[in-house]
Structures are given as C-alpha cells and as structure tokens.
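Results of the structural survey
Spelled out, the chains give:
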Amino acid sequence: DAGITQSPRHKVTETGTPVTLRCHQTENHRYMYWYRQDPGHGLRLIHYSYGVKDTDKGEVSDGYSVSRSKTEDFLLTLESATSSQTSVYFCAISGGLAGPGGSTDTQYFGPGTRLTVL
Amino acid sequence: GESVGLHLPTLSVQEGDNSIINCAYSNSASDYFIWYKQESGKGPQFIIDIRSNMDKRQGQRVTVLLNKTVKHLSLQIAATQPGDSAVYFCAGTNTGGFKTIFGAGTRLFVKA
C-alpha cells in the first residue's frame, strides 16, 4: 500500500458523534486525498491537500472537514456523523518521485477504513 | 457531467483465457488514465497507466489501449489467473490536476 496506513481500520459509531480518521504516509508525497467508496459508485473525492495546511473541497465535502499539520498526516473529521456517512474511506497520495506509474499524478491508496454509523 | 464508466459490471472468464475490460470517458481534457485493481477488503492497487499521447502501453501480462477518438480505453489481461479475480477500475485525470474521475468498477471472475 505504498507506505500508507489508515487508522482505525474499522469503526462503529452512533449518529451525532464526532469521528476522526487518520491517514499516515511515509513516502513524503506532496498531495493527499480522502475518498469514500459506496456500492454502485466509483471513488468520490471528499477533500484533498496540496501541502501542509493547504486543503480544498472535493465533490462530496458536506459534513466533512480535514486538516494537515504535517506532510505525513491527513485527518478526516466527521463533526456529527450521520447514517449516510456509512462507507469505506480511502486515503490516497500522489506527487512523489515517479514510481512504477511513471507519473507524479499517479495516486496510491491506503488499505481503507470501514465506518458504520448506527 | 464528467464520467468514467465501464461497459459491464461483471466479467467471467476461464482460467488461461485473455480478459478484456472496457471503459469509456467523457472528459476530453483528460490526458492521463490509470487502471486499478481492487481485491476484497483492500485499497485500489495501481496496475498500469497511459498518457493521451500514446495509444498502447504494455506491462507484465497487461496491456492498456486508448482510443481518444471515441474516448475509450481497455485493459487486456493475458492468460488470466485465479489471482486476477478482483474489481478493476479505470480512472481519468488531467496532468497536474486534482480531479481524478473513477469508474464504478468491473468485477472479474476467473473460473478454474
């Protein structure tokens, strides 16, 4: 998984509670992303970061916030979890030296976090 | 809107046969395409990529073909093996951009 870890790997929580997911990389890649994956949908971008403290919204950002205080860590926070946020969340990185993909645009993914909101 | 879609949700092939997974894209600005493999319970894994200035690229047992005229790309897997069973995604983006569009995926079943 290209030196990317996500924690926790599984979480069950209740509606209305705050949840924070962590993505940690050891590759020193500049860009980091949070996606959600739901049945019948492709990966959908929630937020991304193009540097420390530099973040922007993706296509499904409502209800989510992010923070990046260090190159290696990108946090995704659900301020008040809802059942519609039950999903599998993937972190991705890009922007390192050209690897097997031959491009700094290639995104490499973490193992995912399965979140269930009851 | 922009989309990257796959023609079939599932594909079943016999072990040893060749597999072809197709993908269509709608954004003419996309100039970089990637195929990913996702096994159950894991994150997407990079397989092969291609830039729009190419129409074919080969890797180990895999080939990606790009037809920009009809906005279509395909992934060919030679001598398909049981370990190839997974969901395969295509993705399209523009160089230096952050907006990568992913297809919903095709599930490949390999019959022994």
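Up top is the structure.
Read on for an overview of the structure. (Residues numbered from 1 in each chain as written. Chains lettered and ligands numbered in written order. Predicted model: local features only at pLDDT ≥ 70, side-chain atom pairs only at ≥ 80, totals over all residues. Heavy atoms only, no water.)

Observations regarding the environment of Leu11 of chain B
As for its placement among the helices and strands, Leu11 of chain B is situated in strand β2 (residues 10-14). Once the C-alpha coordinates of Leu11 of chain B and Leu108 of chain B are considered, the two residues, 97 residues apart in sequence, prove to be 4.8 Å apart. (Helix = DSSP H or I, 4+ residues; strand = E, 2+ residues; numbered from the N terminus.)

Observations concerning the interface of chain B and chain A
Much of the literature gives interface size as the accessible area that the parts lose upon coming together. In this assembly, 20 residues from chain B lie in contact with 24 residues from chain A. With both sides pooled, the region where chain B packs onto chain A buries about 1600 Å², and carbon together with sulfur makes up 56% of that total. Our count for the contact surface shared by chain B and chain A stands at zero salt bridges. At the junction of chain B with chain A, the criterion picks out four residue pairs in polar contact (both at pLDDT 80 or more). Counting only elements with at least two residues in the side of chain B that touches chain A, the list comes to β4 (32-38) and β5 (45-51) of chain B. Looking at the side of chain B that touches chain A element by element, the count peaks at four residues for β4 of chain B. A breakdown of the residues in the side of chain B that touches chain A according to their chemical character gives nine nonpolar, seven polar and four charged. (Contact = heavy atoms within 4.5 Å. Buried area = accessible area lost by both parts, 1.4 Å probe. Salt bridge = Lys/Arg side-chain N within 4 Å of Asp/Glu carboxyl O. Polar contact = N/O pair within 3.5 Å; in protein donor to acceptor, adjacent residues only side chain to side chain. Nonpolar A, V, L, I, M, F, W, Y, C, P; charged D, E, K, R; others polar.)

Considerations on unusual backbone geometry
Residue and element names in this part refer to chain A. Note the cis peptide between Ser7 and Pro8, where omega equals -10 degrees. Structurally, Pro8 can be placed in the loop between β1 (4-7) and β2 (10-13). A positive phi angle, near 60 degrees, is found at Asn28, a position not held by glycine. The topology assignment puts Asn28 in the loop between β3 (19-25) and β4 (31-37). With a relative accessible area of 60%, Asn28 lands in the exposed category. (Buried < 20%, exposed > 50% of the residue type's maximum accessible area, 1.4 Å probe, protein only.)

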